[in-house]
Amino acid sequence: LMHRCALAWIRLIPIGTPTTANVGLSSWRLSPYSCAKAGIEGTGIEVDEDCWGKELVLPLPTDDLTGWYDIYLGIYDPGSRYNRYYHCGLQMRLSGEDKFDYVPLRQLTLNQALPAERGKVVERLWKRAQLDDQDLHIAQWRTIDTFEHNWKADYLPFNVRGGLAWVRLVPAPPPSAQSVRRSVKPRLVCWSDIWDQITQHLANSESEVESLLDWLQGEPYNTIMVDSNAAVDKTSYPTEIGQPAINYEVTLRYLDKAGIDCRRDLVQQGINVHSVLARRARELGLEYWAFLRMGAWGYAQPFQLLGGPFFKEHPEYRAIDRNGQPWHTVSYAFPEVRQYVVDLFREICQHSRADGGKIDGIVLGFCRGPIFIDYEPHVCDAFASQYGEDPRQLPEDDQRWLRFRAQYITALLEELQPMLAEESAAQGSPIKLVADCYGNESINLRFGLDVKQWVARGLVDVLQISPDFAGGEFDRNFYKQLRAQANGKVEFVIGHLSARQLPQWREQFLNDFDGLLMSGPTSPAGTDELFPPHITAVLDLRQPLPSPEILSGEQAHTDQRLIQYLQGIPIGKPFYAAGL
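From a predicted model like this one, the values you see are computed outputs, not experimental measurements.

(A) Fine view of the side chain of His 496. Tracing the backbone shows His 496 in strand β24 (residues 491–498). Looking at His 496, its side chain comes within polar contact range of the side chain of Ser 466, at 3.4 Å. Those residues in contact with His 496 that sit more than four places away from it in its chain are Asp 436, Ser 466, Phe 469, Leu 517 and Ser 519.

Next comes the structure, spelled out in structure tokens:
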């Protein structure tokens, strides 16, 4: 039996029209519709890219609603006044939950533009849930995902358009309990940039941080890798060694400002994301890896919020190019720099097991923010003493020079071994050393990474390869030979892949290598498997889409002029443009 109501049609339970909806352009709009396929009329609620649809609560009648139900959502496209963004959906949660689920209108497809279709509606199965004393919460999603919108995301968030036409509830049995046992062969890693995740979900309590991993319960991943920092010692967690990223000077990117505001709340409450997430990962049967980007010690304008204290306090450790100019980062040729990173990783290990969790791997993120070493004077002098030549007068790809200076990065891996042995003994289980590297030997050596030495000397447990970072081609044979030489003692994981192409990557890589790393907290299952479609139809929306508001030329260009001005300030040599 279907019941009509002002907001929606619904099986068994009618939902009243919200009284808090703003019908102006800046928030939610009410939109009367008819749906010929379903044979009903109703009123939907919608937002587009110019709106900021804050959270709405749709009360469910508690007297009549008990037990478990399958919840179906009629998500529709309200259209775009600009027709420039290619995605549509809403954030949904129940009142007893901390985390929103993003429920999209359509399956996400790589490299396929999906123009606005006002009135297109897809009813999706959202979830099975126990609805005693629950209400339905709806919010507009703000995202920085360039894939979904095909639009540069560095400076502004995107407000994703969406509409809800109806909700349908079907009584259902309770779900069966799931086992948390997970095999790690082959390894399937979910890389999660907690900076972005905390920003997008606005997590500001321990339960909200913990809930960031809840979606992994039904996923095939067996390892979660958490990105912990921006600059090496500008962290997303409370630290006594570096500096938590809780203040900013100038920032143009929404995700940076919002993320810092969230982290400030967490730090002031004494909440450490590593202890919370490591405990939750252990409950879910996941291995927990902590990732530190090894470069980008001090960002240039306009992103100086990411520069950490060590870079600012120790200009004597800066990397130097072959012309004697300093890079905007520090060099691992200095023992003090290496010891500082060892101390940072020790602190992360201790944080991760502080609340019943454990850490299974530390990840040296060499694919984020090079340069790591260059032509520092004492390195050049040592080379000249051994070879009788000044490396600054040699070709940049001279193999003697590249392998000579790589020994300073290799020294960092050596110096991490005693710390890892101590921390492994303290928690009662081994901690793997995981190291990022690039797609071929030439690029690795350009950045001081002698992966042949690492594997031959047993300095790494996992080699995490990023095939397309920093240009060049993926040398598959090089890594196949290294893997054969390792004789099973080193895992070779192909990294930074799109989760939406998991079947392709399984077929392409898993015959030759030991695992895959998926970029971003995204399900490999795809939208239609996560939220199966049930009905597809077209709504007859009875009011036209509002006309866009046209800004004057001066207003439209103000932000861009500011960006160009700040980026033009000459304060130092920029980073190498690889994987910041």
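Next comes the rest of the write-up.
(B) A look at the sheet that holds β24. Pairing is parallel in the closed barrel, where eight strands are placed in the order β14-β15-β18-β21-β22-β23-β24-β25. Averaged over all neighbouring strand pairs, the angle between strand axes comes to 25 degrees, with direction disregarded. Running over the sheet, helix α5 (residues 273–283) touches β15 (223–227) and β18 (287–293) and is turned about 150 degrees from β18. Contacts from helix α7 (residues 335–352) reach β18 and β21 (361–365), with the element oriented near 150 degrees to β18.

(C) Examining unusual backbone geometry more closely. A cis amide bond, omega -10 degrees, links Lys 185 with the succeeding residue Pro 186. Among the structural elements, Pro 186 can be located in the loop between β13 (162–171) and β14 (187–193). Here the phi dihedral of Ala 296 falls at roughly 60 degrees; this positive angle occurs in a residue that is not glycine. With respect to the secondary-structure elements, Ala 296 resides in the loop between β18 and α6 (309–313). Unlike most non-glycine residues, His 496 shows phi in positive territory, near 60 degrees. Here His 496 falls in the buried class, since its relative accessible area comes to 13%.

(D) Just the pattern of salt bridges, in detail. Applying the stated rule across the entire model yields 39 salt bridges. Within this structure, Arg 29, Glu 46, Asp 48 and Arg 118 form a network of salt bridges that share partners.

Rules behind the numbers
- Residues numbered from 1 in each chain as written.
- Predicted model: local features only at pLDDT ≥ 70, side-chain atom pairs only at ≥ 80, totals over all residues.
- Heavy atoms only, no water.
- Helix = DSSP H or I, 4+ residues; strand = E, 2+ residues; numbered from the N terminus.
- Polar contact = N/O pair within 3.5 Å; in protein donor to acceptor, adjacent residues only side chain to side chain.
- Contact = heavy atoms within 4.5 Å.
- Pairing = 2+ DSSP bridges.
- Axes fitted to C-alpha atoms, helices over the stretch in contact; angles between N-to-C directions.
- Buried < 20%, exposed > 50% of the residue type's maximum accessible area, 1.4 Å probe, protein only.
- Salt bridge = Lys/Arg side-chain N within 4 Å of Asp/Glu carboxyl O.

Scope: geometric values only; no functional claims are made or implied.
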